[in-house]
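# Chain and residue survey
Listed below are the residues making up each chain.
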Amino acid sequence: MCLPKSNIALFLFLYCRAYESKDLDKFSSFFAPDATENNRPFHEYLPRYRRNFKKIDSFKYRIDLDSYSLDADTGNITVKGNYFIQYLLNGGSWKENNGII
């Protein structure tokens, strides 16, 4: 099974828009019940996401896809790329961050 790169890019685009919306339910829907983030269950990060969404007024988020691979046995997709985020703290100024994803 081979997924076109455009499908992965669309998924990442929609993921970023869900993040920018600060809708935790919508954002969480991108993760399977057993999903992990940084080798920890995703659900453990929900309180952190909730706090961040409350203290940040606005986001601009982008992920540039470099490559991906599909594990045919598990159906898992590994994505490699770079993320870029700008955020406006409530009552503050714009900040930015970027890195490898």
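In this text, all values refer to a predicted model and were calculated from it rather than measured experimentally.

### Notes on the pattern of salt bridges
Tallied over the entire structure, the rule returns 3 salt bridges. Among the ionic pairs, Glu20 bridges to Arg17, the shortest N-O distance being 2.8 Å. Here the residue Glu20 and the residue Arg17 both occupy positions in helix H1 (residues 5-21), the gap between them amounting to 3 residues, near one helical turn. Arg17 sits in the partly exposed class, given a relative accessible area of 28%. For Arg62, the salt bridge identified is with Asp64, shortest N-O distance 3.0 Å. For Arg62, a relative accessible area of 42% translates into the label partly exposed.

### Topic: H1
For H1, with 17 residues, the first-to-last C-alpha span of 24 Å sits near the 24 Å given by 1.5 Å per residue. For H1, every residue scored as buried is listed here: Ile8, Leu12, Tyr15, Cys16, Ala18 and Tyr19. The buried residues of H1 occupy an angular sector of 160° when the element is viewed end-on, so they sit on one face. Buried-residue contacts for H1 involve helix H2 (24-28), helix H3 (46-55), strand E3 (56-70) and strand E4 (77-89). Positive phi appears at Lys22, one or two residues downstream of H1, with a value of about 60°.

Calculation rules
- Residues numbered from 1 in each chain as written.
- Predicted model: local features only at pLDDT ≥ 70, side-chain atom pairs only at ≥ 80, totals over all residues.
- Heavy atoms only, no water.
- Salt bridge = Lys/Arg side-chain N within 4 Å of Asp/Glu carboxyl O.
- Helix = DSSP H or I, 4+ residues; strand = E, 2+ residues; numbered from the N terminus.
- Buried < 20%, exposed > 50% of the residue type's maximum accessible area, 1.4 Å probe, protein only.
- Expected span 1.5 Å × (residues − 1).
- Arc of directions from axis to C-beta.
- Contact = heavy atoms within 4.5 Å.

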